[in-house]
Amino acid sequence: SQKIEQNSEALNIQEGKTATLTCNYTNYSPAYLQWYRQDPGRGPVFLLLIRENEKEKRKERLKVTFDTTLKQSLFHITASQPADSATYLCALAGDLNYGGATNKLIFGTGTLLAVQP
Amino acid sequence: DAGVTQSPTHLIKTRGQHVTLRCSPISGHKSVSWYQQVLGQGPQFIFQYYEKEERGRGNFPDRFSARQFPNYSSELNVNALLLGDSALYLCASSTHRVMGPQETQYFGPGTRLLVL
């Protein structure tokens, strides 16, 4: 069955450093991979989308890489700030084994990031 | 512009009862999806509705049902509640039926359901 793994342990880093979060998946060929931010008691908020034929995507302090051979995505936050503290969710969509035609998102369990001032 | 709204924000029910959760999508969005998020886990897909028809269903029992109205708002119904149904129920809206390169889903704040 499809499986998505994110760092189960919380990630604690110092303000100003780069945070790197990992998303690994098996038994899936996604057309798209998305990253969301979720604050306690709130719904996920979309951050970035990367397509299966893209290697890297950037948006301000955020960078996502996508390696379909390794079945892995890395999510980087540079110059991290305490306000970046939240849970970050990786989500896959559009299973290419089934033509990629789906709206359904498959989420990982999320990684809790804590940025210390 | 108003985002996705959900009601109620919190709900306490007892086992065996029935619950109805409501969602209003962003204006112009025709697709509504429902997700269940158990504490410490990522959201799990329950249903997608587009143009009032079910377009996708996750691995949930028949106790879970949903519908979409002509104004694209949606209801999620859960019958015969179990303790394990306690979770944050999220509604997400989007413009299209299928995922595309510019497509994303906008999530509401969720309804926190506690089953005692």
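Parameters and conventions
Residues numbered from 1 in each chain as written. Chains lettered and ligands numbered in written order. Predicted model: local features only at pLDDT ≥ 70, side-chain atom pairs only at ≥ 80, totals over all residues. Heavy atoms only, no water. Disulfide = S-S within 2.5 Å. Helix = DSSP H or I, 4+ residues; strand = E, 2+ residues; numbered from the N terminus. Buried < 20%, exposed > 50% of the residue type's maximum accessible area, 1.4 Å probe, protein only. Polar contact = N/O pair within 3.5 Å; in protein donor to acceptor, adjacent residues only side chain to side chain. Contact = heavy atoms within 4.5 Å. Phe/Tyr/Trp six-rings, centres within 6.5 Å; stacked < 30°, edge-to-face > 60°. Core = buried A, V, L, I, M, F, W, Y, C linked by side-chain atoms within 4.5 Å. Pairing = 2+ DSSP bridges. Axes fitted to C-alpha atoms, helices over the stretch in contact; angles between N-to-C directions.

Overview of the state of the cysteines
All names here are of chain A.
Point 1. Counting across every chain of the model gives 2 disulfides over all chains.
Point 2. Between the sulfur atoms of Cys 23 and its disulfide mate Cys 90 the distance is 2.0 Å. As the torsion about the S-S bond is roughly -55°, the Cys 23-Cys 90 disulfide counts as left-handed. In this pair, Cys 23 sits in strand β3 (residues 19-26) while Cys 90 sits in strand β9 (residues 86-95), placing the two residues 67 residues apart along the sequence. Accessibility assignment for this pair places Cys 23 and Cys 90 in one class, buried.

Section: the side chain of Ser93(B)
Residues and elements named next belong to chain B.
Point 1. Within the element layout of this structure, Ser 93 appears in strand β9 (residues 87-94).
Point 2. The buried category is assigned to Ser 93, whose relative accessible area is 0%.
Point 3. A distance of 3.3 Å separates the side chain of Ser 93 from the backbone nitrogen of Ile 26, its partner in a polar contact.
Point 4. Those residues in contact with Ser 93, other than ones at most four positions away along the chain, are Val 4, Pro 25, Ile 26, His 29, Ser 31, Thr 104, Gln 105 and Tyr 106.

Details of the packing of aromatic side chains
Point 1. In total, this model carries 12 aromatic pairs over all chains according to the counting rule given.
Point 2. Measuring from centroid to centroid gives 5.6 Å for Tyr36(A) and Phe107(B), while their planes differ by 90°, and the two rings are edge-to-face. Taken together, the residues span two chains, with Tyr36(A) in strand β4 (residues 30-38) and Phe107(B) in strand β10 (residues 106-107).
Point 3. Ring centres of Phe60(B) and Phe64(B) lie 5.1 Å apart, and the angle between their planes is 65°; this geometry places the pair in the edge-to-face category.
Point 4. Through a chain of ring-to-ring contacts, three or more aromatic side chains come together here, namely Tyr36(A), Phe46(A), Phe107(A), Tyr35(B), Phe45(B) and Phe107(B).

Observations regarding the environment of Thr78(A)
Residues and elements named next belong to chain A.
Point 1. Inspection of the secondary structure assignment puts Thr 78 in the loop between β8 (72-77) and β9.
Point 2. Counting along the chain gives 58 residues from Thr 78 to Thr 20, while the straight-line C-alpha distance between them is 8.7 Å.
Point 3. Thr 78 has contacts with Lys 17, Thr 18 and Arg 61, leaving out every residue within four places of it along the chain.

So, the nonpolar core
Point 1. In this structure, Leu33(A), Trp35(A), Phe75(A) and Tyr88(A) are the most contacted members of the largest nonpolar core, which totals 24 residues.
Point 2. Elements with a contribution of two residues or more to this core: β3, β4, β5 (45-51), β7 (62-67), β8, β9 and β11 (111-116) of chain A.
Point 3. Non-local contacts of Tyr88(A), meaning those with residues more than four positions away in its chain, are made with Gln6(A), Leu21(A), Trp35(A), Tyr36(A), Arg37(A), Leu47(A), Phe75(A), Ile77(A), Gly110(A), Thr111(A) and Leu113(A).
Point 4. Counting 22 residues, the second-largest nonpolar core is a separate cluster that includes Leu21(B), Phe60(B), Val78(B) and Tyr89(B).

Observations concerning the sheet that holds strand β8 (residues 74-78) of chain B
Residues and elements named next belong to chain B.
Point 1. The 4 strands are arranged β1-β3-β8-β7 in an open sheet whose pairing can be described as antiparallel. Among the strands making up the open sheet, the edge pair consists of β1 (5-7) and β7 (64-68). Across the sheet, the axes of successive neighbouring strands diverge by a mean angle of 15°, strand direction being ignored.
Point 2. Bridging between β1 and strand β3 (residues 19-24) involves 3 bridges; their strand directions are antiparallel. By the bridge assignment, Thr 5 is partnered in β3 with Ser 24.

What to know about the sheet that holds β3(A)
Residue and element names in this part refer to chain A.
Point 1. Spatial strand order, β1-β3-β8-β7-β6: 5 strands in an open sheet with antiparallel pairing. This sheet does not close on itself; its edge strands, each paired only once, are β1 (3-6) and β6 (56-59). Within this sheet the neighbouring strands show an average axis-to-axis angle of 15°, counted without direction.

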